[in-house]
Amino acid sequence: MPQLTSSESASIPQAHHAAAVSSGAGCERRFQLLALDGGGVRGIFTAALLAGLEEDVGSPLVDHFDLVVGTSTGGIIALALGAGLTPREILDFYVAERGAIFAGPPVWTGVRRLFRAKYPPEGLEAALKRVLGERLLGESRVALVVPSYDLGENAVHLFKTPHHPRLRRDYRVPMWVVGMATSAAPTFFPAFRLPVDEVRLIDGGVWANTPAMVGVTEAVSMFGCGLDEIRVLSLGTTRSLKPRPSRLDNAGLLRWARGTNVVDVLMAGQSAGAFAQVQHLIGKESAHRLDPPAPPEIATLDSCDARELIAKAAHHSRDFAPTFERVFADHVAPPFQPLHGPNAPSTAKAGQI
């Protein structure tokens, strides 16, 4: 059973007490969080959907959320929002860089994957550095939580902006480093070692591909929110329409391992379970999710028909826009004030270590 042993973890009662003390009286008003799923290059759908909603609302979409939680490709989008990019700029980044990120001759990548990760990490690293530069996590314009997984310690690893007095470490980590750590998907990319610390991290999707529950936990334990104050918008990257044939009912290793059967079922089950828990805790009226079905020929984790994904996102953003206006648009989050790092108040800097 994985343990929560990252440097930014704490018991919920202690964290809740500290959050309540630091903020005065918990949330004090509605708290909205945006949760972004993993899904590889299908992040094109997420970015396009956000772009459509933002253009309908007529104001920066991120301004309507107190916290953004993202895993893998959703973590990259969350970091880009924190860095000040618009969803339209993020979409342009995905469309332009997908070939460089998932680069390699088809024959070579197929043979390579039998023994090593399918893709070298240099393309992804260069793309992240181009879009995020050397910005630090502590320079984000919005509070962020980005899941990863510590392969060496078999432990959950969460990167967090300094939105609580105790969060003194991660603000110094460059955003591109966080992006590499949250998206190092097993068999696709090698594990990513944190510079200096040498921690071996892999894709947060192995435990939180749909990170909505991570966000609710953060809102309660670190921001001091009550469950009735929280609203969640959870965005997937489209889900597979592929049927599961009855021959899988009594299948062995070979048949389950063929194609993407195991990965697809594990991801679908994890996603359904996580969002069902969120709905159970805060109520269906406060938790909304968009994750439409899509045929496999439109997109896989590392290849896609970008025009078809963008078209699907345009349809669903148009359909969801009235709900967004009714449920989320009237809330404007207060400006995010990091408690540590270069953008922290001078009184907070004086107490940093």
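What counts, and where the lines are drawn
- Residues numbered from 1 in each chain as written.
- Predicted model: local features only at pLDDT ≥ 70, side-chain atom pairs only at ≥ 80, totals over all residues.
- Heavy atoms only, no water.
- Helix = DSSP H or I, 4+ residues; strand = E, 2+ residues; numbered from the N terminus.
- Contact = heavy atoms within 4.5 Å.
- Buried < 20%, exposed > 50% of the residue type's maximum accessible area, 1.4 Å probe, protein only.
- Axes fitted to C-alpha atoms, helices over the stretch in contact; angles between N-to-C directions.
- Left-handed = near helix turned anticlockwise from the far one by under 90°.
- Nonpolar A, V, L, I, M, F, W, Y, C, P; charged D, E, K, R; others polar.
- 1 Å grid on protein atoms, 1.4 Å probe; cavity = no way out; pocket = protein on both sides within 12 Å on 5 of 7 lines; lining within 4 Å.
- Points joined across faces, edges and corners; volume = space filled by probe spheres on them.
- pLDDT = per-residue confidence, 0-100.
- Core = buried A, V, L, I, M, F, W, Y, C linked by side-chain atoms within 4.5 Å.
- Phe/Tyr/Trp six-rings, centres within 6.5 Å; stacked < 30°, edge-to-face > 60°.
- Salt bridge = Lys/Arg side-chain N within 4 Å of Asp/Glu carboxyl O.
- Bend = angle between axes of the 7 residues up to and from the residue.
- Expected span 1.5 Å × (residues − 1).

## Overview of the overall build of the protein
Stage number 1. Counting secondary structure elements, the protein contains 13 helices and 11 strands.
Stage number 2. When contacts within the protein are restricted to residue pairs at least 6 apart in sequence, those whose partners lie at least 24 apart make up 76%.

## So, the side chain of Thr46
Stage number 1. By secondary structure assignment, the location of Thr46 is in helix H2 (residues 43-57).
Stage number 2. On the accessibility criterion, Thr46 (2% relative accessible area) is buried.
Stage number 3. In this structure, Thr46 is in contact with Leu36, Ile77, Leu235, Gly236 and Thr237, ignoring residues within four places of it in sequence.

## Comments concerning the packing of helix H6 (residues 122-132) against helix H7 (residues 175-182)
When two helices pack together, their arrangement is given by the angle between the helix axes and by the axis-to-axis distance.
Stage number 1. Running from N to C, H6 and H7 point in directions that differ by 140°, and their axes come no closer than 9 Å. For the pair H6 and H7, the sense of crossing is right-handed. Along its contact with H6, which presents Leu124, Glu125, Leu128, Lys129 and Leu132, the element H7 presents Met175, Trp176, Gly179 and Met180.
Stage number 2. Grouping the amino acids of the contact of H6 with H7 by side-chain chemistry returns six nonpolar, one polar and two charged.

## Observations concerning empty space enclosed by the protein
Think of a ball as big as a water molecule: rolled over the atoms, this probe shows where empty space is left.
Stage number 1. The final tally for this structure, using the stated rule, is one cavity of 30 Å³ or more.
Stage number 2. Space inside the largest cavity adds up to approximately 30 Å³.
Stage number 3. Along its surface, the largest cavity is lined by Leu34, Leu50, Leu61, Val62, Leu81 and Pro87.
Stage number 4. Within the lining of the largest cavity, the residues separate by chemical class into six nonpolar, no polar and no charged.

## Section: the confidence of the model for the protein
Stage number 1. Here the protein averages 87 in pLDDT, and 86% of its residues register 70 or above.
Stage number 2. Per-residue pLDDT stays below 50 along residues 9-25; that stretch engages in 22 contacts with residues further than four places along the chain or on separate chains.

## Some details on the nonpolar core
Stage number 1. Core analysis: the biggest nonpolar cluster contains 68 residues, and Leu34, Leu132, Phe159 and Phe324 have the highest contact counts within it.
Stage number 2. In contact with Leu34, not counting residues within four places along its chain, are Leu50, Phe65, Leu67, Val68, Val69, Leu81, Leu233 and Leu235.
Stage number 3. By size, the runner-up hydrophobic cluster in this structure holds 25 residues, among which are Phe31, Ala208, Ala287 and Phe336.

## A short note on the packing of aromatic side chains
Stage number 1. In total, this model carries nine aromatic pairs according to the counting rule given.
Stage number 2. Aromatic pair Phe93 and Tyr94: ring centres 5.5 Å apart, planes at 85°, arrangement edge-to-face.
Stage number 3. The class for Tyr94 is buried, based on a relative accessible area of 7%.
Stage number 4. Among the aromatic residues, those joined into a ring-pair cluster are Phe65, Phe324 and Phe328.

## Here's the deal with unusual backbone geometry
Stage number 1. A positive phi angle, near 55°, is found at Asn154, a position not held by glycine.
Stage number 2. The residue Asn154 is located in the loop between strand E4 (143-150) and strand E5 (155-160) in this model.
Stage number 3. One non-glycine residue with positive phi stands out, namely Val196, at about 75°.
Stage number 4. Mapped onto the elements, Val196 comes out in the loop between strand E6 (192-193) and strand E7 (200-203).

## Overview of the pattern of salt bridges
Stage number 1. Following the criterion strictly, the structure yields nine salt bridges and no others.
Stage number 2. A salt bridge links Asp37 to Arg289; the nearest nitrogen and oxygen atoms lie 2.7 Å apart. You can see Asp37 sitting in the loop between strand E2 (31-36) and H2 and its partner Arg289 sitting in strand E10 (residues 287-290), a full 252 residues away along the chain.
Stage number 3. One network of salt bridges, in which partners are shared, links Asp37, Arg289 and Asp291.

## Details of helix H4 (residues 87-101)
Stage number 1. At Val95, H4 shows its largest kink, close to 35°.
Stage number 2. Of all the positions in H4, only Pro87, Ile90, Leu91, Phe93, Tyr94, Glu97 and Ile101 are classed as buried.
Stage number 3. Its buried side turned inward, H4 meets H2, helix H3 (73-82), H6 and helix H12 (306-327).

## What to know about H2
Stage number 1. The end-to-end C-alpha distance of H2, which contains 15 residues, comes to 21 Å, matching closely the 21 Å that a straight helix rising 1.5 Å per residue would cover.
Stage number 2. The element H2 is extensively covered by neighbouring structure, given that 12 of its 15 residues are classed as buried.
Stage number 3. Among all positions in H2, only Gly43, Ile44, Phe45, Thr46, Ala47, Ala48, Leu49, Leu50, Ala51, Gly52, Leu53 and Glu54 are buried.
Stage number 4. Contact partners of the buried residues in H2: E2, H3, H4, strand E8 (230-235), E10 and H12.

## A short note on the packing of H2 against H3
Stage number 1. Interaxial distance between H2 and H3 falls to 9 Å at its minimum, and their mutual angle equals 35°. The two elements H2 and H3 cross, and the hand of that crossing is right-handed. Across the interface between the two elements, Gly43, Thr46, Ala47 and Leu50 from H2 touch Thr73, Ile77 and Leu81 from H3.

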